[in-house]
Amino acid sequence: MTKLKLCGLVRICDIEAANRLNPEYIGFVFAKKSRRYVDPAQARELRARLDKGISPVGVFVNESPEAIADLVRSGIIDVVQLHGSEDEDFLRKLRELVSCPIIKAFSVKTPQDVRIACESSADLILLDSGGGGTGTVFDWDLLEPIRRPWFLAGGLSPENAADAIRRLAPYGVDVSSGIETDGVKDIQKMNDFVRAVRGAAERKL
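Quick summary incoming for the structure in this document. (Residues numbered from 1 in each chain as written. Predicted model: local features only at pLDDT ≥ 70, side-chain atom pairs only at ≥ 80, totals over all residues. Heavy atoms only, no water.)

## Remarks on the overall build of the protein
Looking only at helices and strands, the protein features seven helices and 10 strands. Seen through its principal axes, the protein has C-alpha atoms that stretch 40 × 40 × 30 Å. Put simply, the protein has 205 residues, and 52% of those count as buried. Considering only contacts within the protein whose residues lie at least 6 apart along the sequence, 54% involve residues at least 24 apart. With an accessible surface of roughly 9500 Å², the protein has 48% of that area assigned to carbon and sulfur atoms. (Helix = DSSP H or I, 4+ residues; strand = E, 2+ residues; numbered from the N terminus. Buried < 20%, exposed > 50% of the residue type's maximum accessible area, 1.4 Å probe, protein only. Contact = heavy atoms within 4.5 Å. Areas by Shrake-Rupley, 256 points an atom, 1.4 Å probe, with all protein chains shown as cover.)

As structure tokens, this is what we get:
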């Protein structure tokens, strides 16, 4: 079954909607330049309202390993997602501080980008069009068969999610702008996206 990650949640009502929809993951964005940024205090409050069965993911862009580790150790996040220029040395340093799963995001523009992503030591990789949360779809034809768990992101929406799963069979899908209206989470779009993903996954069984 394809895993679901609803990213960029910032309001209590976003969390309440996620609790009803029960995705495997939700995302808190800790990149200060993002319009979806939440500070640790906000994230702590949101985490407290999140159902225990849903894993909160912290999304970071070139943050220090120590700052990331503080959020893991404090129980605010269960998974780390790296969206910057973090290299293998960074991953090694981070693993010395935390034992939680690590997702590394990669921008895909060429087949070589996919091969580089597949060589990452991260627990999971995420393939995106770049930038994160831009709502832009990249060329799915670049995705050669991938023999490791990976997330598809970039321009996903209730309208194309089912097709993505049927064509690419990713481990998971990660959506943010595709479930928003005027820059905020849209509960109906969240419902429609989850229904499309689960419907496509069930038809594959």
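## Things to note about the pairing of strand 1 (residues 3–6)
Direction of pairing for strand 1 relative to strand 8 (residues 172–175): parallel, over a ladder of four bridges. Looking across to strand 8, one finds that Lys5 is bridged to Asp174. One crossover worth recording links strand 1 to the parallel strand 2 (residues 25–29) by way of helix 1 (residues 12–21), and it is right-handed. (Pairing = 2+ DSSP bridges. Right-handed = clockwise from strand over helix to strand, strands pointing away.)

## Describing the sheet that holds strand 7 (residues 150–153)
Pairing between the strands of a sheet is mediated by backbone hydrogen bonds and can be parallel or antiparallel. Pairing is parallel around the closed barrel formed by eight strands, whose spatial order is 1-2-3-4-5-6-7-8. Ignoring which end each strand starts from, the neighbouring axes of this sheet average 25 degrees apart. One ladder, built from three bridges, connects strand 7 with strand 8; its direction is parallel. Paired with Leu152 across the two strands is Val173, which belongs to strand 8. Its contacts with the sheet put helix 4 (residues 88–97) on strand 4 (79–82) and strand 5 (102–107), and the angle it makes with strand 4 is roughly 165 degrees. (Axes fitted to C-alpha atoms, helices over the stretch in contact; angles between N-to-C directions.)

## Side note on the pattern of salt bridges
A full pass over the atoms with the stated rule returns 11 salt bridges. Between Lys5 and Asp174 there is a salt bridge; the shortest N-O distance is 2.8 Å. Within this pair, whereas Lys5 is found in strand 1, its partner Asp174 is found in strand 8, the two being separated by 169 residues in sequence. (Salt bridge = Lys/Arg side-chain N within 4 Å of Asp/Glu carboxyl O.)

## Considerations on helix 4
Because an α-helix completes one turn every 3.6 residues, residues spaced three or four positions apart along the sequence face the same direction. Within helix 4, the full set of buried residues consists of Phe90, Leu91 and Leu94. Buried residues in helix 4, looked at end-on, bunch into an arc of 100 degrees, giving them a common side. The opening residue of helix 4 is Asp87, an N-cap whose side-chain oxygen sits 3.2 Å from the backbone nitrogen of Asp89. (Arc of directions from axis to C-beta. Polar contact = N/O pair within 3.5 Å; in protein donor to acceptor, adjacent residues only side chain to side chain.)

## Some points on the pairing of strand 3 (residues 55–60)
Regular strands have side chains that alternate between both faces of the sheet. Among the six residues that make up strand 3, five are buried, leaving the element largely enclosed by the rest of the structure. Strand direction decides the pairing type here: strand 2 and strand 3, joined by five bridges, are parallel. Within strand 3, the position partnered with Ile26 by the bridge is Pro56. Handedness of the crossover joining strand 2 and strand 3 through helix 2 (residues 40–49): right-handed. As paired strands, strand 3 and strand 4 are joined by four bridges and run parallel to one another. Residue pairing in the sheet places Phe60 in a bridge with Leu82 of strand 4. What joins strand 3 to strand 4 is helix 3 (residues 65–73), and the crossover it makes is right-handed.

## Quick word on the packing of helix 1 against helix 2
Here helix 1 crosses helix 2 at 30 degrees, and the two axes come no closer than 9 Å. What the angle tells us is that helix 1 and helix 2 run roughly parallel. Of the two possible hands of crossing, helix 1 and helix 2 adopt the one that is right-handed. Counted together, Ile12, Ile15 and Asn19 of helix 1 and Glu45, Leu46 and Arg49 of helix 2 form the full contact between these two elements. Within the contact of helix 1 with helix 2, the residues separate by chemical class into three nonpolar, one polar and two charged. (Parallel < 35°, antiparallel > 145°, perpendicular 65-115°, else oblique. Left-handed = near helix turned anticlockwise from the far one by under 90°. Nonpolar A, V, L, I, M, F, W, Y, C, P; charged D, E, K, R; others polar.)

## Here we look at the nonpolar core
Counting residues in each nonpolar core, the largest one holds 59 residues, and the members touching the most others are Val80, Leu127, Leu143, Leu152 and Phe193. Top contributing element to this core by residue count: helix 7 (residues 187–204), with six residues. In terms of nonpolar packing, the next biggest core, distinct from the first, is built from nine residues, Val57, Val79, Ala105 and Leu126 among them. (Core = buried A, V, L, I, M, F, W, Y, C linked by side-chain atoms within 4.5 Å.)

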